[in-house]
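Chain and residue survey
Here is what each chain is made of, one letter per residue.
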Amino acid sequence: MKITTKIIIALIAGAIVGIVLNVTAPDVFKVLDTWLFNPLGQIFLSLIKMLVVPIVLFSIILGFNGLGDPKKLGRIGIRTILYFLVTTSIAIVIAITLALIFKPGEVGEFDTSNAQFSAEEAPPVSETLLNIIPSNPFAAMTSGDMLQIIVFAGFIGFALSMLGDKTKGIVNLVQQGNDIMMYLVGIVMKFAPYGTFGLLASAIGSQGFSAIKAMGLYFALVLAALIIHLFITYGGTVYFLGGRRNPFKFFKDFTPAMSVAFSTSSSSAVLPISMEIAQDNLKVPKHISSFVQPLGSTINMDGTAIMQGVATIFIAQVYGVDLSLGQLVTVVLIAVLASIGTAGVPGVGLIMLAMVLQSVNLPVEGIALILGIDRLLDMARTAVNITGDAACAVYNTAAEEKRENKVAR
Ligand code: ASP
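Bear in mind that the values here come from a model prediction, so they are computed numbers and not experimental data.

Here's the deal with the overall build of the chain
Across its full length, the chain holds 16 helices and zero strands. Counting only C-alpha atoms and orienting by the principal axes, one finds that the chain spans roughly 70 × 50 × 45 Å. Relative to its full complement of 409 residues, the chain shows a buried share of 55%. Within the chain, residue pairs in contact and separated by at least 24 positions form 84% of the contacts whose partners lie at least 6 positions apart. If you sum the accessible surface of the chain, you get close to 18,200 Å²; carbon and sulfur atoms cover 66% of it. Across the chain, 25 positive and 24 negative side-chain charges occur, with their mean positions spaced 14 Å apart.

Structure follows, in structure tokens:
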């Protein structure tokens, strides 16, 4: 059986076991969760997380070294950043439009009297961007600060390509280190079906489902916006910008990575797997994958932006606030920034939502209303977040190929 099939069966089985136990035997769930589901999930999560920092370090060094030509790097860099900004804006506009049409905050009763949520101080985006040059690269690696690791690795890769033959030994060493990591990703993937089963059973089983009923329309709208964005924006990207690739094949080939993102809710944890799948299944060249995907997994979060768009309108409606057109534009701009500043770990998108709400003077306590069902939406939006990075990698692959063909002619 193929790994994709196995993972999908595991996801469905995990969800069913989680729901059934949650509804029929919560006590049995607790015991099974402690001794089986949670350990299975955590072992898998730690196994992939273990590979993230070395993979980002090695593959970016190689990527920058392999690019050699600074012009090519500039081209891919600009294309990537522009693509991230434009698609994230499209994502929020889809989200806001759906929420304005279907008015999730006006259907049903929402008790705001004891809603409490204190915005944990999320770092301002300006700080995230200013901090990208690491004053201590080893500290960046121990704390897993992705942007800083990317910058450091970029410098090393650049130096290696300038020094050429002199540092050939190091290039070989990094190349072999990268091979080791990719080999290990392959091994960890064999455990993925068990891990995703455990993660899903644990996450779904511990949910209270009454929240979904009350929040049904909000939930459905976020999901609908995610699906529209996935198929139209990314499907359109791989077809029109990705050299007429078949969107369905793209989604099918990328399914293992999306499933793991869904079960882990962390773009950053799933990175080793999504890079391997992009290189093997989507045939994205290593130097493109290793630049676009680590960067995307930290700054490109369209799924998160979608949740923030729907949530902002929802909270405005619950509190009876009418947002002007100018305020809606502010929401789009700030949500783009918030999604850039969101770290690729579970639940951070919700904390960054505070920033969006504050920018248009909406009460941050409103977040308490959506807290209960955010765990499930986090899974879905993380899968969308990393698919955007893969679509961008496919786009860059086609654009570079086209250029090379032109030059050759
Ligand atoms: N969990 C998301 C991710 O890792 C971030 C978020 O929206 O909370 O991509």
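A few points about the nonpolar core
Grouped together as the largest cluster of nonpolar side chains are 125 residues, with contacts concentrated most on Tyr218, Ile273, Phe314 and Leu353. Tallying contributions element by element places helix H16 (residues 367-408) first for this core, with 18 residues. Each residue touching Tyr218, except ones within four places of it in the same chain, is listed here: Pro104, Met307, Val310, Ala311, Phe314, Ile370, Ile373 and Leu377. Residues Leu21, Ala25, Phe29 and Ala201 belong to the second largest nonpolar core, which totals five residues.

Section: empty space enclosed by the protein
Summed over all chains, the structure comprises one cavity of 30 Å³ or more. Counted as a void, the largest cavity has a volume near 60 Å³. Around the largest cavity, the lining comprises 16 residues; the ones closest to its centre are Thr304, Val345, Asp378, Thr382 and Asn385. Put simply, the parts of the chain that give the lining of the largest cavity at least two residues each are helix H15 (348-359) and H16. With four residues, the single largest contributor to the lining of the largest cavity is H16. Here the lining of the largest cavity is composed, by residue class, of four nonpolar, ten polar and two charged.

Observations regarding a nonpolar patch on the surface
Nonpolar side chains collect at one region of the surface, where Val28, Val31, Leu32, Trp35 and Leu36 lie side by side and expose about 490 Å² of accessible area between them. With respect to the secondary-structure elements, Leu32 resides in helix H2 (residues 26-67).

Some points on the layout of surface pockets
Of the pockets and cavities examined, the largest pocket occupies roughly 520 Å³. Mapped by element, the contributors of at least two residues to the lining of the largest pocket are helix H1 (3-24), helix H9 (216-241), helix H10 (247-264) and H16. When grouped by side-chain class, the residues that make up the lining of the largest pocket number 16 nonpolar, two polar and no charged. The computed volume of the second largest pocket comes to approximately 450 Å³. Lining the second largest pocket we find 22 residues, and of these Thr128, Asp145, Thr298, Gly341 and Ala343 sit closest to its centre. Broken down by secondary-structure element, the contributors of at least two residues to the lining of the second largest pocket are helix H4 (125-130), helix H6 (146-163), helix H14 (325-341) and H15.

Regarding helix H12 (residues 286-299)
In a regular helix each residue adds 1.5 Å, so 14 residues correspond to 20 Å; H12 covers 20 Å between its end C-alpha atoms and thus fits that length. Counting buried positions along H12 gives twelve out of 14 residues, so the element sits mostly inside the fold. All of the buried residues along H12 are Ile288, Ser289, Ser290, Phe291, Val292, Gln293, Pro294, Leu295, Gly296, Ser297, Thr298 and Ile299.

Regarding the pattern of salt bridges
As enumerated under the stated definition, the model contains six salt bridges in all. Residue Lys72 pairs with Glu404 through a salt bridge whose shortest N-O separation is 3.7 Å. Here Lys72, found in helix H3 (residues 70-102), pairs with Glu404, found in helix H16; they are 332 residues apart in sequence, far enough to count as distant. Lys72 sits in the buried class, given a relative accessible area of 15%. Across the salt bridge formed by Lys249 and Asp253, the nearest N and O atoms sit 2.8 Å from each other. Here Lys249 and its partner Asp253 are both found in helix H10, four residues apart, which amounts to about one turn of the helix. One network of salt bridges, in which partners are shared, links Arg75, Arg79 and Glu400.

What to know about the packing of aromatic side chains
One pair of aromatic rings is described through two measures. These are the centre distance and the angle between the planes. Taken as a whole and assessed by the stated rule, the structure comprises eleven aromatic pairs. Geometrically, the ring pair formed by Tyr83 and Tyr395 is tilted, given 5.8 Å between the ring centres and 45° between the ring planes. Here Tyr83 is found in helix H3, whereas its partner Tyr395 is found in helix H16, with 312 residues between them in sequence. Members of the aromatic cluster, each reached through a chain of ring pairs, are Phe231, Phe250, Phe251 and Phe254.

A short note on a positive patch on the surface
On the surface, Lys71, Lys402, Arg403, Lys406 and Arg409 cluster together into a positively charged patch. The biggest single contributor to the positive patch is H16, with three residues. When you line up the elements, Lys402 lands in helix H16. Assessed through its relative accessible area of 61%, Lys402 is described here as exposed.

How each quantity is defined
- Residues numbered from 1 in each chain as written.
- Predicted model: local features only at pLDDT ≥ 70, side-chain atom pairs only at ≥ 80, totals over all residues.
- Heavy atoms only, no water.
- Helix = DSSP H or I, 4+ residues; strand = E, 2+ residues; numbered from the N terminus.
- Buried < 20%, exposed > 50% of the residue type's maximum accessible area, 1.4 Å probe, protein only.
- Contact = heavy atoms within 4.5 Å.
- Areas by Shrake-Rupley, 256 points an atom, 1.4 Å probe, with all protein chains shown as cover.
- Lys, Arg positive; Asp, Glu negative; His and termini not counted.
- Charge placed at Lys NZ, Arg CZ, Asp CG, Glu CD.
- Core = buried A, V, L, I, M, F, W, Y, C linked by side-chain atoms within 4.5 Å.
- 1 Å grid on protein atoms, 1.4 Å probe; cavity = no way out; pocket = protein on both sides within 12 Å on 5 of 7 lines; lining within 4 Å.
- Points joined across faces, edges and corners; volume = space filled by probe spheres on them.
- Nonpolar A, V, L, I, M, F, W, Y, C, P; charged D, E, K, R; others polar.
- Patch = residues over 30% accessible without salt bridge, like charges linked within 9 Å, V, L, I, M, F, W, Y side chains within 5 Å.
- Salt bridge = Lys/Arg side-chain N within 4 Å of Asp/Glu carboxyl O.
- Expected span 1.5 Å × (residues − 1).
- Phe/Tyr/Trp six-rings, centres within 6.5 Å; stacked < 30°, edge-to-face > 60°.

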